[in-house]
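Read off the chains here:
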Amino acid sequence: MKILHTGDVHLDSPFAGLDTSAARQRRSELRETFASMTTYAREGGVDLMLIAGDLFDKNYVTRDTIALLRREFAKLDCPVVIAPGNHDPAEEKSIWEKNIFSDNVFVFSSADLSYFSFPQLRCRVYGYAFPGPSLRTCPLEGRRIEDASWINILCAHGDATSPISTYGPLPAGVLEAFGADYCALGHFHNPENATAALTVPGAYCGCPEGRDFGETGSKGAVLVSLEKDEKGARLSWERLRFCRKIYETRTLNIDGAAQQEEVAAAVHTLIQKENFDKDTLLRITLQGNIESNLSIDTTALEAAGAELAHLEVRDATVPTWNAAALLQDQGMRGELYRVLLPKLESADPAERETGSRALRYAMAALAGEELPAD
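Rules used in this analysis
Residues numbered from 1 in each chain as written. Predicted model: local features only at pLDDT ≥ 70, side-chain atom pairs only at ≥ 80, totals over all residues. Heavy atoms only, no water. Helix = DSSP H or I, 4+ residues; strand = E, 2+ residues; numbered from the N terminus. Buried < 20%, exposed > 50% of the residue type's maximum accessible area, 1.4 Å probe, protein only. Contact = heavy atoms within 4.5 Å. Lys, Arg positive; Asp, Glu negative; His and termini not counted. Charge placed at Lys NZ, Arg CZ, Asp CG, Glu CD. Expected span 1.5 Å × (residues − 1). Polar contact = N/O pair within 3.5 Å; in protein donor to acceptor, adjacent residues only side chain to side chain. Salt bridge = Lys/Arg side-chain N within 4 Å of Asp/Glu carboxyl O. Disulfide = S-S within 2.5 Å. Pairing = 2+ DSSP bridges. Axes fitted to C-alpha atoms, helices over the stretch in contact; angles between N-to-C directions. Phe/Tyr/Trp six-rings, centres within 6.5 Å; stacked < 30°, edge-to-face > 60°. Lys NZ or Arg CZ within 6 Å of the ring centre and 35° of its normal.

So, on to the overall build of the chain. Of regular secondary structure, the chain possesses 9 helices and 16 strands. When the backbone C-alpha atoms are referred to their principal axes, the chain occupies close to 85 × 40 × 40 Å. Classification of the 374 residues of the chain by burial places 48% in the buried group. Across the chain, the fraction of contacts at a sequence separation of at least 24, relative to all contacts at a separation of at least 6, is 70%. On the chain, the mean spot of the 38 positive side-chain charges and the mean spot of the 54 negative ones are 5 Å from each other.

Okay, here's the thing in structure tokens:
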């Protein structure tokens, strides 16, 4: 059988880091991404679609999203199994109680472990629902699959990386004892490390569309191929890209820069070298020692990123001053430098950045210059 495993879709996310227009567009693109996954399931011969929690960003769901889901689910010939997560828990009066989806949609409604049987596939899908924004117990504790001759799948939102997690802890020993042929898990939006740590057959699907600069790189869903006979289960899976846009972050060293034009040229070169395009939302953090009289205009740099979906530039550079001369200076500049020196020499990078920024502002003010842009 072929299984499409997704989750952490977070439909109707606010995309708070973008302006109103861009955020609205990203919400629309997220709905389009979900529709692409169901189209793939329909046209690609998928036998079962699994949604491992957080289909919605919160229990309030827009009409457009409800219409999309009703339409897309009804088009599918295969079962869809949903395990509500911490963002869309099966609370009283939640959308899961409204019975608005087609008959091929099966939703877990309790924190107690249960299963749906699909005799035509000789498959059982086990799972549970978050009853609220957290779940401190493990619903699998002390449980085992009931019939090893069937294909047995766990579809769950939970944390297999911490046995004391408040988001549905899934300790390794409990997962191993449960005995599923595949564990379709959700919760981690950047799934690589959590999946690599699993000691059972399975994967975290990750989110199908990045929503901020903490969710970088290509995003999508997991396509699973699974067959089972008297010799046991044979499993393979791969990640498929479905995302419309990709978030990326880069650091750019501009040591020695003395003019805004030099910085702009370096930013342009980075964008061209990495082939970033209209599907890229890019954050560039500028680093290095620059001339003390250079005030970088990050707004102008961002305006030059027209070939990208979005460009954000952060200035973490350090102005170059003559430290020895400032240390001996008996005037205001020297006193400011000596007061800030503990921060400038701190082992904490954030402390050093704060000290450097304070020194830049103070020096600019004393010189009667415009304050440097953040």
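Picking up where we left off.
Right, let's get into helix α1 (residues 20-43). Taking 1.5 Å per residue as the helical rise, α1 with its 24 residues ought to reach 34 Å, and the 35 Å between its terminal C-alpha atoms agrees with that figure. Within α1, burial applies to A23, R26, E29, L30, R31, T33, F34, A35, M37, T38 and A41. Elements in contact with the buried residues of α1: β1 (2-6), β2 (48-51), α2 (63-75), β10 (220-229), β12 (246-253) and β13 (280-287). A distance of 3.2 Å separates the backbone nitrogen of S21 from a side-chain oxygen at the start of α1, and that oxygen is part of D19. Residue G45 follows α1 closely and has a positive phi angle near 70 degrees.

Looking at the secondary structure, you find I82 in strand β3 (residues 80-82). For the pair I82 and N152, spaced 70 residues apart in the sequence, the C-alpha separation amounts to 16 Å. Setting aside its immediate chain neighbours within four residues, I82 contacts I51, L55, F73, W96, V105, F106, V107 and F108.

This brings us to the pattern of salt bridges. Enumeration over the complete set of coordinates arrives at 21 salt bridges. In this structure, E274 and R250 form a salt bridge, with 2.9 Å as the shortest nitrogen-oxygen distance. With E274 in the loop between α5 (260-273) and β13 and R250 in strand β12, the pair connects residues that are 24 residues apart, well separated along the chain. You can call R250 partly exposed: its relative accessible area is 23%. Across the pair K343 and E351 runs a salt bridge whose closest N-O atoms are separated by 3.2 Å. The class of K343 is partly exposed, set by a relative accessible area of 30%.

Enumeration over the complete set of coordinates arrives at 0 disulfides. Free of any disulfide, C183 has its nearest neighbouring cysteine sulfur in C155, separated by 10 Å. Residue classification places C183 among the buried positions, given a relative accessible area of 1%. Not part of a disulfide, C243 finds its nearest cysteine sulfur in C207, a span of 8.7 Å.

In this structure, T280 sits in strand β13. Those residues within four positions of T280 in sequence are excluded, and the remaining contacts are I246, E248, L308, A309 and H310.

This next bit is on the pairing of strand β7 (residues 151-157). Burial analysis of β7 places 7 of its 7 residues in the buried class, which makes it a mostly covered element. Neither face of β7 is exposed, since I151, I153, C155 and H157 on one face and N152, L154 and A156 on the opposite face are all buried. Where strand β6 (residues 123-127) and β7 come together, 5 bridges link them in parallel fashion. Within the sheet, the bridge partner assigned to G127 lies in β7 and is C155. Bridge analysis of β7 against strand β8 (residues 182-186) gives 5 bridges, and the strand direction is parallel. Note that in β8 the partner of I153 across the bridge is Y182.

As a further point, take the sheet that holds β7. In spatial order, the strands read β5-β6-β7-β8-β9; together these 5 strands make up an open sheet with mixed pairing. One side of each edge strand has no neighbouring strand; the edge strands of this open sheet are β5 (114-118) and β9 (202-204). Within the sheet, the average angular offset between the axes of one strand and its neighbour, ignoring direction, is 15 degrees.

Our next topic: the packing of aromatic side chains. Applying the stated criterion across every chain, the model contains 12 aromatic pairs. Note on Y40 and F242: the rings are 5.7 Å apart at their centroids and 80 degrees apart in plane angle, and the pair reads as edge-to-face. Of this pair, Y40 sits in helix α1 while F242 sits in the loop between β11 (232-241) and β12, placing them 202 residues apart in sequence. We classify Y40 as partly exposed; its relative accessible area is 28%. Assessed through its relative accessible area of 9%, F242 is described here as buried. Through a chain of ring-to-ring contacts, three or more aromatic side chains come together here, namely F34, F56, F73, W96 and F101. Above the face of the W150 ring, R124 is positioned so that its terminal group lies 4.7 Å from the ring centre.

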